[in-house]
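# Structure at a glance
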Amino acid sequence: MKKLIILLTCTLLTLSACAPKFNQEEQVVQETENKKQKAIIPKYNISNSYYRTILPFQPGEARGLVVENVNTRLDMDEFELGLMRIAQEKFSPSQYLFQQGQYLDRKTIESWLKRKQGDGEGLNPSLGNEGTNEEKNKKHPLYISHILEHNYLVKTGNDKVQLGGVVIGLAMNSVHYYETEEGYPREVKISKSDMEKEGKKAAEEIVSRIRKIDGLKEVPIVIGLFEQQPKSSIVPGHFFAAGYVDKGSNTIQDWEKINEEYYVFPSDEAEKNHRDDLVKFLNLKSDIEEFFPNYTGVIGRAFYRDDQLQQLTIDIVMQFYGKAEVIGFTQYVTGLLMEKMPDYMPISVYISSVRGPESIIIKNPDKSEPFVHIYQP
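Residues numbered from 1 in each chain as written. Predicted model: local features only at pLDDT ≥ 70, side-chain atom pairs only at ≥ 80, totals over all residues. Heavy atoms only, no water.

The protein chain appears in an unreviewed UniProt entry as Protein involved in sex pheromone biosynthesis from Anoxybacillus suryakundensis.

This is how it looks when you write it as structure tokens:
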């Protein structure tokens, strides 16, 4: 087996030695419509796939609202990270800095998410007055569950930065939840065609409203449509379309289809669409479950873009009777990954027990050795 690298958790006494260095920070002046303030651009970046965040950190005006409006933690994370992936098509991480949305506050977003009533700003359809509550909800479901704003800043020279673009994410419901007059919970599925039609319709209106906000009248805008999964889902949703608005324009010039999908391994859907990858996972799962007589649960989540595997995440839950078992099991799984899984397949393995996380294994295609981390008490 290839050389194994085990990294132990930094203790409080050595924490400073494990932290990244920010001794080459760049001081700039951030310019907005109404004010100028000093800011810092960190030189350290953990990956070319991530944006650097301008400091001091400024919380978004609607920070925390996503927790109330999005169904699952998986959807919350993918909604934000996926929106950053979309942003990279127009705003390169090497040139732009990330900042949470500073223009759409909580009150504005909450008003936009309401049902349309009279002259109100609600983007979701009115329930109407005809029929029972169940009939009205089936006919007029809530399509939009959340609106997320990201800002991207760019250097303008003379140690200054200013807003270079805005990215808006619309979380669209695949299932609408409601109650009957008697208080019984009900749900109605929303077709992908209706989801896309209503999302694009709302996006056009949002662009028109954004252009009326001071500071946003000229900047380029990107809008992404995200399909949120049902509350019971064990995989996150995905973005399915992105619209682009040129500088100073009030209309979305074109929509780009985004082909992204998550699959559970094993599942019927994975068997149908990605059988070869599933077979490799099942063989690995079989080898893992033979290692210890203790019960082992192995579940995979595979992320595909344009039908190409981008990441396979494996969760292993097992009963351990000591740290030596954890180390031995982690070494065994690492060996299986290196010897039996294809080099092109990026894999992250999270091993846990009833006590919590036990170890992590990261296998990247561009690395000859895996990264292995065993948690210490």
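## Quick look at the side chain of Gln-229
Checked against the element boundaries, Gln-229 lands in the loop between strand E10 (221-228) and strand E11 (238-245). Those residues in contact with Gln-229 that lie beyond four places of it in its chain are Asn-71, Asp-75, Ser-174, Val-235, Pro-236 and Gly-237. (Helix = DSSP H or I, 4+ residues; strand = E, 2+ residues; numbered from the N terminus. Contact = heavy atoms within 4.5 Å.)

## Things to note about the packing of aromatic side chains
In this description, an aromatic ring pair is defined by two values, namely the gap between the centres and the angle between the planes. By the definition in use, this model includes 11 aromatic pairs. Note on Phe-91 and Tyr-152: the rings are 5.7 Å apart at their centroids and 15 degrees apart in plane angle, and the pair reads as stacked. Of this pair, Phe-91 sits in the loop between helix H3 (73-87) and strand E5 (96-100) while Tyr-152 sits in strand E6 (residues 144-157), placing them 61 residues apart in sequence. Since its relative accessible area comes to 3%, Phe-91 is described here as buried. Taking the relative accessible area as the measure of exposure, Tyr-152 reaches 0% and is therefore buried. A connected cluster of aromatic rings, assembled from ring pairs, spans Tyr-51, Phe-91, Tyr-96, Phe-98 and Tyr-152. Above the face of the Tyr-177 ring, Lys-231 is positioned so that its terminal group lies 4.4 Å from the ring centre. (Phe/Tyr/Trp six-rings, centres within 6.5 Å; stacked < 30°, edge-to-face > 60°. Buried < 20%, exposed > 50% of the residue type's maximum accessible area, 1.4 Å probe, protein only. Lys NZ or Arg CZ within 6 Å of the ring centre and 35° of its normal.)

## Here we look at unusual backbone geometry
Residue Pro-266 follows Phe-265 across a cis peptide bond; omega there is -5 degrees. Within the secondary structure, Pro-266 sits in the loop between strand E13 (260-265) and helix H7 (268-273). Positive phi, close to 55 degrees, is recorded for Asp-306, a residue that is not glycine. Mapped onto the elements, Asp-306 comes out in the loop between strand E14 (296-305) and strand E15 (308-318). With relative accessibility at 49%, the residue Asp-306 sits in the partly exposed group. Unusually for a residue other than glycine, Asp-307 sits at a positive phi of about 65 degrees. Overall, the relative accessible area of 51% leaves Asp-307 in the exposed class.

## Digging into H3
One turn of the α-helix equals 3.6 residues, which is why residues spaced by three or four share an orientation. With 15 residues, H3 extends 21 Å between its outermost C-alpha atoms, agreeing within 8% with the 21 Å of an ideal straight helix rising 1.5 Å per residue. Taken together, the buried positions of H3 are Asp-75, Met-76, Glu-78, Phe-79, Gly-82, Leu-83, Met-84, Ile-86 and Ala-87. (Expected span 1.5 Å × (residues − 1).)

## Details of the side chain of Asn-133
Topologically, Asn-133 is positioned in helix H5 (residues 133-139). For Asn-133, a relative accessible area of 18% gives the class buried. Here Asn-133 is in contact with Leu-127, Tyr-178, Glu-179, Thr-180 and Glu-181, once residues within four sequence places are set aside.

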